[in-house]
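Okay, here's what each chain looks like letter by letter:
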Amino acid sequence: MSDLQNIFDRQKSAFNGAPNIGWATRKANLKKLGNAIKTHETEFQRVISEDFGNRSFVETTLAEVMVIQGGISHALKHTPKWMRTRRAPTAMQFKPGSNKIVPQPLGVVGIISPWNYPLQLAIMPLIAALGAGNRVMIKPSEYTPKLSQLLKDVLAGIFSEDEVYVAVGGVDVAQEFSSLPFDHLLFTGSTNVGRIVAEAAAKNLTPVTLELGGKSPTIIDESADMNTSVARIANGKLLNAGQTCVAPDYVLMPGAKINAFSEAMIQQAEKFYPKVAGNPDYTSIIADNHYARLQGLLEDAENKGAKIRTAGDDDKQQLAKERRVPLTIVTDTTPDMKIMQEEIFGPLLPVVASDSLDDALDYVQKRERPLALYWFGKNKKKENRVLNESISGGVSVNDVAWHVIQEDIPFGGVGPSGMGAYHGEAGFNTFSHLKGVFTQSRFSQGKMLHPPYGPKTEKMLKMMKKIM
Ligand code: NAD
């Protein structure tokens, strides 16, 4: 028997021995998780930076550690309420019987996480799974080996293997991991691998939550305040050097304003990061293959006639050595360019002319449903049209990415950008079985429907039809 199967079996039998741990244990689990993340923050900053080549320490605190602390505080405050048996109405014909919904832990759940926010995307699902009372196995990405090992060590310091286990290793480990008969599997990563994981899970009829990627559009309306929009888009795009699942992938805006917008974006990026090479606040591209992929997207676009503007005047060789890519605005694009087809996942930003809202909505609707959509503008009517007529995992209005860290709304994709959701109550529900329970009353007249059928049954059916 393999090690993973062995851990899985041990978690399963530990779960069966205590299938519904109470709030006191769940609370203690969440608290010690929060404390461990706090205690090891500096080490997390250091190893993530080493894995990336350079990852801004501030970004690790802001986009990983603080998001986790927010998730834990929210779970500590609200889980007791989510755990409670929920009242449900009962239709007249079934009264005085009554309905209720009983949330139950699922059992042993699996979490597969990517490299781009390697701490946050392993721990946020863990918070939801622990809050819901499950045992958890985690497979972090092989692209961040130091973080994965530290995560394993830190979690092993506070949980026994039959509570939480971290499986480190490459794609072979990931494949074996996804074939385990989990009670639920949450995968965060690319759409292509998501398909493979869903297929492996289907063999066990393991339900999946898929948190995937895609091309998230940003629509800038003519009513938008340009200065504010530029600052917010540049900030969201350059966080983690664009290696963010919900980073704005491309911009749709009035053609006449594209030039001014592109110049303003470049100036804004230079203000944020006067130097890119050597700047500890500017994150490197994770690996050589991803760096080459981004250069390939630019080359392909340029060869097909796109205009490229790059922020700053850093030495190109130095940038390549540090695997850093400054903000690069790409205009005059055509649909046959790879940059307009593939998820970019880096600091390259195509800007496409779209002179009416109909045009922009049509562009979005004809493409795969994105993980996020951003709309900048002051016109409420148009804003409502965008919200009603476009389908995306989530939306931020007049900013980018902020909807993701709201614990009070679900986070997830739709169609090719994912299925299911988590964060806050949505996460608790994802990792719980919401069991419907009907309790019959001793005054029930149900026996009137028992066979043999006859006039009594007819009378009962007539009465029921009247009140239904
Ligand atoms: P990836 O799909 O390459 O890898 C993700 C995880 O899958 C890793 O842990 C890896 O070990 C595992 N894996 C790889 N091959 C596998 C296989 N054959 N079977 C089972 N598991 C396998 O993704 P990535 O490059 O790490 O991350 C980038 C992608 O993730 C982007 O597309 C991005 O948009 C997406 N993403 C989505 C979210 C979200 O919340 N929706 C968040 C971050 C990243």
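Read on for a plain summary of the structure. (Residues numbered from 1 in each chain as written. Predicted model: local features only at pLDDT ≥ 70, side-chain atom pairs only at ≥ 80, totals over all residues. Heavy atoms only, no water.)

### Some remarks on the site of the ligand
Near the ligand there are 29 residues, and of these Ser113, Glu142, Ser190, Leu212 and Glu343 occur at the shortest range. Ser190 is positioned such that a nitrogen or oxygen atom in its side chain is 2.7 Å from an oxygen atom of the ligand. When the ligand sits alone it has 850 Å² of accessible area, and the protein chains cover 93% of it. Every element with two or more residues in the shell around the ligand is listed here: α7 (171-178), β6 (184-188) and α8 (191-203). By residue number, the principal contributor to the shell around the ligand is α7, which donates 4 residues. Of the residues in the shell around the ligand, the class split is 16 nonpolar, 9 polar and 4 charged. (Near = heavy atom within 4 Å. Polar contact = N/O pair within 3.5 Å; in protein donor to acceptor, adjacent residues only side chain to side chain. Areas by Shrake-Rupley, 256 points an atom, 1.4 Å probe, with all protein chains shown as cover. Helix = DSSP H or I, 4+ residues; strand = E, 2+ residues; numbered from the N terminus. Nonpolar A, V, L, I, M, F, W, Y, C, P; charged D, E, K, R; others polar.)

### Focus: the pairing of strand β3 (residues 108-112)
Taken across its 5 residues, β3 has 5 buried, putting it largely inside the fold. Going residue by residue along β3, you find Val108, Gly110 and Ile112 tucked away on one face and Val109 and Ile111 tucked away on the opposite face as well. Note that the unit made of β3, helix α5 (residues 120-131) and strand β4 (residues 135-139) has a crossover that is right-handed. Two strands pair when backbone bridges link them, and β3 and β6 are joined in this way by 4 bridges, in the parallel orientation. Considered in β6, the bridge of Val109 is made with His184. (Buried < 20%, exposed > 50% of the residue type's maximum accessible area, 1.4 Å probe, protein only. Right-handed = clockwise from strand over helix to strand, strands pointing away. Pairing = 2+ DSSP bridges.)

### Some remarks on the packing of aromatic side chains
Considering all chains together, one arrives at 11 aromatic pairs under this definition. A ring pair is formed by Phe94 and Phe438, whose centres lie 6.5 Å apart and whose planes are at 75 degrees; its orientation type is edge-to-face. Placement of the pair is Phe94 in the loop between β1 (86-88) and β2 (98-105) and Phe438 in strand β16 (residues 432-439), with a sequence separation of 344 residues. Taking the centre distance of 5.4 Å and the plane angle of 80 degrees together, the rings of Trp115 and Phe345 count as edge-to-face. Of this pair, Trp115 sits in the loop between β3 and α5 while Phe345 sits in the loop between β11 (328-331) and β12 (348-353), and the two are 230 residues apart along the sequence. Taken individually, Trp115 and Phe345 each receive the classification buried, so the pair is uniform in this respect. Taken together through their ring pairs, the aromatic side chains of Phe52, Trp115, Tyr143 and Phe345 make up a single cluster. Note that Arg55 overlies the ring of Phe52, its terminal NZ or CZ placed 4.9 Å from the centroid. When the ring centre of Tyr363 is taken as origin, the NZ or CZ atom of Arg367, which lies over that ring, is 3.5 Å away. (Phe/Tyr/Trp six-rings, centres within 6.5 Å; stacked < 30°, edge-to-face > 60°. Lys NZ or Arg CZ within 6 Å of the ring centre and 35° of its normal.)

### With respect to the pattern of salt bridges
Enumeration according to the criterion identifies 20 salt bridges in this entry. A salt bridge links Arg46 to Glu50; the nearest nitrogen and oxygen atoms lie 3.5 Å apart. Placement of the pair is Arg46 and Glu50 together in helix α3 (residues 41-52), with a separation of 4 residues, close to one helical turn. If you follow the salt bridges from partner to partner, you end up with Arg46, Glu50 and Lys146 in one network. (Salt bridge = Lys/Arg side-chain N within 4 Å of Asp/Glu carboxyl O.)

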